[in-house]
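A structural walkthrough
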Amino acid sequence: MSEALAEEIERVGDDLSASGLLASIRAERDAENTAAARQLELAARWADLHPPESIHSAAAFTIPGSEHEEPIAGQGCPLVAEFCVAELGAELGMSSVAAKKLIGHALELRHRLPRLWRQVQSGRVPAWRARSVAETTIHATPALTQDAVRWVDAQVAAVAGRIGPAQLDRLVAETIKRFDLAAPDPAADPEDGYLSVDPRHATLDDQDVHYSGTMHFEADLDIADALDLDGALAQGAATLKALGSAESLDVRRAKALGDLARTQTALDLHSQGSTSARDQDGLPAAREVVLNVHFDATPAQGSDGEDDSTVVQTVFGPTGRLEERQKLLLLDQVQKWCGDSRTTITIKPVIDLNAELRAPGYDIPDPIREQVALRDRTCVFPWCTRPARGADVDHVVEFDHDAEAEGRPQPGPTTSSNLACLCRFHHRLKTFTAWAYRMIAPGVFEWTSPHGHHYLRDRHGTTRTEPDDEPPGRP
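Residues numbered from 1 in each chain as written. Predicted model: local features only at pLDDT ≥ 70, side-chain atom pairs only at ≥ 80, totals over all residues. Heavy atoms only, no water.

Moving on: the sheet that holds strand 15 (residues 461-465). Across the sheet, 4 strands lie side by side as 12-13-14-15; this open sheet has antiparallel pairing. One side of each edge strand has no neighbouring strand; the edge strands of this open sheet are strand 12 (436-441) and strand 15. The average undirected angle you get between the axes of adjacent strands in this sheet is 25°. Pairing analysis gives 4 bridges linking strand 13 (residues 444-448) to strand 14 (residues 454-458), with the strands arranged antiparallel. Counterpart to E446 in the pairing with strand 14 is L456. (Pairing = 2+ DSSP bridges. Helix = DSSP H or I, 4+ residues; strand = E, 2+ residues; numbered from the N terminus. Axes fitted to C-alpha atoms, helices over the stretch in contact; angles between N-to-C directions.)

See the structure below:
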């Protein structure tokens, strides 16, 4: 906590009564809601400045025809130029995907949910509530027509945005039925307004990982499927207990679900005629799942226990990083995985992320590609979090394919210090627009936007800088 914030809290505590403190908090929340409504309005105006026709005349784009128009809200909302979202996101400290969603919500509210839009701008409905409605109407399946979404707008506006997620889902289901948007189901009961929307799903929430290394999995199943699954989990939990497990019933049921998944993949391979070797339990090895795990390791001196001679041992830290989805991982959990009899462990050589690797031509060899992906972790565009392994490896300074034939030095060599991971969207953005970046240290990048704003991106995240700031690592 900063000293200024501590002083402000102390001042408020000294100067206000309990009722005065509540009034002050409410005033701050009202100001926050007003600012959020204003941000939605400005996002819509940013879209107004970048209609599809701006693609052909914008000075910020270096190659004509490299950008396309993109619908980011529902039917009837204006299209926008594809690359306009990136600079808005960078300025707001959010990813391009989040900026695209912000603009899409603003356009959906202004053009398809006008009653709700007016309530947001008047302060009657918080922006976050209105955005949840816009998110639902944009992505409703099947898509809501303009008439249908106007009906939703009238229903939601009538309750001044007090509708919750469950009520909103039912409202959209009713709308789909009311406007005959779903294909007719001959088996459906015409008296039931909700059968036209199939609620079944199986969803992994990979955005929130518990400190113990678990994720939340939620599903809605057919009654028969749900009962069968419940019975299988009960049997699996009982089997684990009979084998000596002292864990709780909930934990054993969760482990049984994982066992079901692994056994099913093994049976899939067996039914397809796989010739893989069988384990002692008679089942073929399950389908391979590769997890890339990174732990910090430090050398430590110790005794070998026999002649008390000193040996150098490697000590791993208690927490690490699962490269898939960039999630926290505990060393204890990895040790449990490795102790599973059906787990195959592959040890890969340690790669020095600071070494300068090079190749003679344009193509990037696998060792260099691996080093760059491990160094950058994600796309290196400001605030982007797309994994590096699925990204393109870009020459920061463009490779000149004619340099060697013309006897000139190569300005953009294939070396570690001239390569960076960019997701396909931001690779196109860098190639075709006035966005520019340079590497000022291994894995540290300085970006400049078309309007002259500067951002410093390293493996820890993004920081907005001023042109006269001195970023760390600048040569």
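Let us now look at the packing of aromatic side chains. According to the stated counting rule, one finds 8 aromatic pairs in the structure shown. Consider the rings of F381 and W435, whose centres lie 4.8 Å apart with planes at 65°: the pair is edge-to-face. Placement of the pair is F381 in the loop between helix 12 (366-376) and strand 9 (392-395) and W435 in the loop between helix 13 (424-432) and strand 12, with a sequence separation of 54 residues. By relative accessible area, which is 1% here, F381 ends up buried. Pairing Y437 with F445 gives two aromatic rings, centres 5.9 Å apart and planes at 35°, and the pair type is tilted. Judged on exposure class, the residue Y437 and its partner F445 are both buried. Members of the aromatic cluster, each reached through a chain of ring pairs, are F381, W435, Y437, F445, W447 and Y455. (Phe/Tyr/Trp six-rings, centres within 6.5 Å; stacked < 30°, edge-to-face > 60°. Buried < 20%, exposed > 50% of the residue type's maximum accessible area, 1.4 Å probe, protein only.)

So, on to the confidence of the model for the protein. When pLDDT is averaged along the protein, the result is 78, and 68% of the positions lie at 70 or above. This model gives residues 183-196 a pLDDT under 50, and the stretch forms 12 contacts once residues within four places in sequence are excluded. Within the model, the stretch residues 471-475 combines pLDDT values under 50 with 13 contacts to residues more than four positions away or in other chains. (pLDDT = per-residue confidence, 0-100. Contact = heavy atoms within 4.5 Å.)

Before going further, it helps to examine the environment of P52. Checked against the element boundaries, P52 lands in the loop between helix 2 (18-48) and strand 1 (69-70). Sequence separation between P52 and E82 is 30 residues, and the spatial gap between their C-alpha atoms is 8.3 Å.

Attention shifts here to a nonpolar patch on the surface. There is a patch of nonpolar side chains on the surface, built from L16, L21, L22 and I25 and spanning about 350 Å² of accessible area. Looking at the element boundaries, L22 is found in helix 2. Relative accessible area serves as the criterion here: at 58%, L22 is assigned to the exposed category. (Patch = residues over 30% accessible without salt bridge, like charges linked within 9 Å, V, L, I, M, F, W, Y side chains within 5 Å. Areas by Shrake-Rupley, 256 points an atom, 1.4 Å probe, with all protein chains shown as cover. Salt bridge = Lys/Arg side-chain N within 4 Å of Asp/Glu carboxyl O.)

One turn of the α-helix equals 3.6 residues, which is why residues spaced by three or four share an orientation. Look at helix 9 (residues 223-242): 29 Å from first C-alpha to last across 20 residues, which is about the 28 Å you get at 1.5 Å a residue. Listed in full, the buried residues belonging to helix 9 are L233, G236, A237 and L240. Angularly, the buried residues of helix 9 cover 100° about the axis, an arc narrow enough to put them on a single face. Of the exposed residues in helix 9, the ones pointing more than 90 degrees away from its buried face are I223, L227, D228, Q235 and A242. (Expected span 1.5 Å × (residues − 1). Arc of directions from axis to C-beta.)

Glancing now at the pattern of salt bridges. What the rule picks out here adds up to 21 salt bridges. Of the charged contacts in the structure, one is a salt bridge between D147 and R150, with a shortest N-O distance of 2.2 Å. With D147 and R150 both in helix 7 (residues 146-158) and 3 residues apart, the pair spans about one turn of that helix. Taken together, the salt bridges that share partners define one network made up of D400, E406 and R408.

Attention now moves to the nonpolar core. If you look at soluble globular proteins, the nonpolar side chains tend to sit buried side by side. Counting residues in each nonpolar core, the largest one holds 60 residues, and the members touching the most others are I103, L107 and W447. The contact partners of W447, leaving out residues within four places of it in the chain, are V380, F381, P382, L422, K430, W435, A436, Y437, H453, H454, Y455 and R457. Of all hydrophobic cores here, the second largest spans 10 residues; its members include I368, V372, A388 and C421. (Core = buried A, V, L, I, M, F, W, Y, C linked by side-chain atoms within 4.5 Å.)

On to the state of the cysteines, then. What is meant by a disulfide is a covalent connection between two cysteines, made through their sulfur atoms. In the structure shown here, the tally under the stated rule is 0 disulfides. Between C384, a cysteine without a disulfide, and C379, which holds the nearest cysteine sulfur, the sulfur-to-sulfur distance is 3.7 Å. We classify C384 as buried; its relative accessible area is 3%. Just so you know, C423 is unpaired, no disulfide at all, and the nearest cysteine sulfur is the one on C379, 3.8 Å from it. Residue classification places C423 among the buried residues on the basis of a relative accessible area of 5%. (Disulfide = S-S within 2.5 Å.)

Now for the packing of helix 2 against helix 4 (residues 96-112). Close contact between helix 2 and helix 4 brings their axes to 8 Å; oriented N to C, the two are set at 95°. In terms of orientation, helix 2 and helix 4 fall into the roughly perpendicular class. Counting all contacts with helix 2, which are made through Q39, L40, A43, A44, W46, A47 and D48, the residues of helix 4 involved are L102, I103, A106, L107, L109 and R110. Looking at the contact of helix 2 with helix 4, its residues break down into 10 nonpolar, 1 polar and 2 charged. (Parallel < 35°, antiparallel > 145°, perpendicular 65-115°, else oblique. Nonpolar A, V, L, I, M, F, W, Y, C, P; charged D, E, K, R; others polar.)

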